[in-house]
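These are the residues of each chain, in order.
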Amino acid sequence: DLAPLPALPAAAVAFHAWSADPPVEHGGGVLGRLLIPVMLRARGKTRHHTLAFAIGLQTIWPRPRRGTPPDKGIADILDAIGSAALHGLEAHHRLMLAKAALARLLAGRRRSSHLAALAALLLRYPMISAPMAARHLGLSQRGVTLLIDELVRAGCVHERTGRTRYRAFSLS
């Protein structure tokens, strides 16, 4: 029974038990990695965002395996949760720096400029394409491409695919 345990240890114990003997035959690894964020959300530790636990699992080595003693396995899982939380804080810090850079770029713009809406779209999604931005902003793809090129020249946005067609962009 995990009810008397605090949220983090309860989630770690549940994941360790899941890893030791998965209750489903196929897809158990993916479901197990979702168990911790769901438990933390159910216990009120996170409300709007879920913990990227899989990223935290990548940082610990060796990964929790079957047959690992419970104390070692649970300690590794707690380390992975801490690593995932640090990764989330770093990502948030990068987004806040990008938001400040975009705000400086937009400071002298007209209110009717669509660049502010494009900046908000870039902050909302990790990657965007010109057709996606055109749909969201109600502009032509060419107009969006010109706006994106302006952000690329300013150093706020990078093209991530390395292609000339079907390109995707994200914040720097």
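Placed above this text is the structure.
Model, not experiment: these values are computed from the prediction.

S.K.: Can you help me understand unusual backbone geometry in this one?
M.R.: Positive phi outside glycine occurs at Tyr-166, with the angle close to 55 degrees. Secondary-structure assignment places Tyr-166 in the loop between strand 1 (157-159) and strand 2 (169-171). The exposure class of Tyr-166 is exposed, given its relative accessible area of 61%.

S.K.: I'm lost on the packing of helix 6 (residues 130-137) against helix 7 (residues 141-154) in this one. Help?
M.R.: If you want to describe how two helices pack, look at the angle between their axes and the distance between the axes. Viewed as axis vectors pointing N to C, helix 6 and helix 7 meet at an angle of 110 degrees, and their least axial separation amounts to 8 Å. Relative to helix 7, helix 6 is oriented roughly perpendicular. Every residue of helix 7 that contacts helix 6 at Ala-130, Pro-131, Ala-133, Ala-134 and Leu-137 is listed here: Gln-141, Val-144 and Thr-145. Its residues assigned to classes, the contact of helix 6 with helix 7 comprises six nonpolar, two polar and no charged.

S.K.: So what exactly am I meant to see when it comes to the packing of aromatic side chains here?
M.R.: Given two aromatic rings, one states the distance between the centres and the angle between the planes to describe the pair. Tallied over the entire structure, the rule returns one aromatic pair. The interplanar angle of 80 degrees and the centroid separation of 5.0 Å between the aromatic rings of Phe-15 and Phe-53 together place this pair among those described as edge-to-face. With Phe-15 in helix 1 (residues 7-20) and Phe-53 in helix 3 (residues 53-59), this residue pair connects regions lying 38 residues apart in the sequence. Both residues of the pair, Phe-15 and Phe-53, count as buried.

Parameters at a glance
Residues numbered from 1 in each chain as written. Predicted model: local features only at pLDDT ≥ 70, side-chain atom pairs only at ≥ 80, totals over all residues. Heavy atoms only, no water. Helix = DSSP H or I, 4+ residues; strand = E, 2+ residues; numbered from the N terminus. Buried < 20%, exposed > 50% of the residue type's maximum accessible area, 1.4 Å probe, protein only. Axes fitted to C-alpha atoms, helices over the stretch in contact; angles between N-to-C directions. Parallel < 35°, antiparallel > 145°, perpendicular 65-115°, else oblique. Contact = heavy atoms within 4.5 Å. Nonpolar A, V, L, I, M, F, W, Y, C, P; charged D, E, K, R; others polar. Phe/Tyr/Trp six-rings, centres within 6.5 Å; stacked < 30°, edge-to-face > 60°.

Keep in mind these values describe shape, not function.
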